[in-house]
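Fold and contact review
These are the residues of each chain, in order.
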Amino acid sequence: MNQIPDVTTITVEQYFGEYGWSFETLEDGIWRTGFKGENGFFTIYLRLTDNWLYMSISPYVPAPEDERTRVHTMEAMLHFNREMNLAKFVLDEDEDVTLTVELPANALTYPVFAEGLTALAYYADDIYTDLLELSENPNAISRFRSLNGKTTKPMSA
């Protein structure tokens, strides 16, 4: 049986090297990296705790300013959470939308690290324009809603 080694800051930095992304160490166990996708530039923060490696884009989109945009944004976030693998949307302490991946440290191998970072990057770029529009435009319609307000088919996996 393969035993997974204890994950340390050195381990995470080696995984970054294997993945081919540069990073900046902000403090022990906290890093910043980022990428330019088709729909924007995304800054990703990673934080290693005793039990978890958190990969987050925060803020992903700013907090919706009125009730209608808030409802549409939150509804879309719930739909996306159901459809996404590994990633999920949450609200930070400022009510900004955060996209995050949480990986258990006791199962963190390079393939798991790579899959988590790839999922975060994929969903960040794929969903960004939709969620930004919903958070800013009270008349925007989610990809999960048709013009008559009925729920449409889920996105394909």
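Everything here concerns the structure above.
Let us look at the structure shown here.

**Considerations on the layout of surface pockets**
Its boundaries defined by the atoms lining it, the largest pocket holds a volume of some 150 Å³. In this structure, the largest pocket is lined by Ile-30, Tyr-45, Leu-46, Arg-47, Tyr-54, Ser-56, Thr-100 and Glu-102. Elements with a contribution of two residues or more to the lining of the largest pocket: strand S3 (41-48), strand S4 (52-61) and strand S6 (97-104). Broken down by element, the lining of the largest pocket gets its largest block of residues, three residues, from S3. Considered class by class, the residues forming the lining of the largest pocket number four nonpolar, two polar and two charged.

**Some details on the pattern of salt bridges**
Counting across every chain of the model gives six salt bridges. Notably, a salt bridge pairs Arg-143 with Asp-126, separated by 3.6 Å at the nearest N-O pair. Of this pair, Arg-143 sits in the segment after helix H3 (110-136) while Asp-126 sits in helix H3, and the two are 17 residues apart along the sequence. Residue classification places Asp-126 among the partly exposed residues on the basis of a relative accessible area of 28%. The partner of Asp-130 in a salt bridge is Arg-143, and the shortest N-O contact between them spans 2.4 Å. Placement of the pair is Asp-130 in helix H3 and Arg-143 in the segment after H3, with a sequence separation of 13 residues. Residue classification places Asp-130 among the partly exposed residues on the basis of a relative accessible area of 24%. Each member of the salt-bridge network shares a partner with another, and the members are Asp-126, Asp-130 and Arg-143.

**A short note on the packing of aromatic side chains**
What the rule picks out here adds up to 15 aromatic pairs. Plain terms: the ring middles of Phe-42 and Tyr-128 are 5.2 Å apart, the flat faces sit at 85° to each other, and that makes the pair edge-to-face. Taken together, the residues Phe-42 in strand S3 and Tyr-128 in helix H3 connect sequence positions 86 residues apart. The same class applies to Phe-42 and to Tyr-128, which are both buried.

Cut-offs and rules
- Residues numbered from 1 in each chain as written.
- Predicted model: local features only at pLDDT ≥ 70, side-chain atom pairs only at ≥ 80, totals over all residues.
- Heavy atoms only, no water.
- 1 Å grid on protein atoms, 1.4 Å probe; cavity = no way out; pocket = protein on both sides within 12 Å on 5 of 7 lines; lining within 4 Å.
- Points joined across faces, edges and corners; volume = space filled by probe spheres on them.
- Helix = DSSP H or I, 4+ residues; strand = E, 2+ residues; numbered from the N terminus.
- Nonpolar A, V, L, I, M, F, W, Y, C, P; charged D, E, K, R; others polar.
- Salt bridge = Lys/Arg side-chain N within 4 Å of Asp/Glu carboxyl O.
- Buried < 20%, exposed > 50% of the residue type's maximum accessible area, 1.4 Å probe, protein only.
- Phe/Tyr/Trp six-rings, centres within 6.5 Å; stacked < 30°, edge-to-face > 60°.

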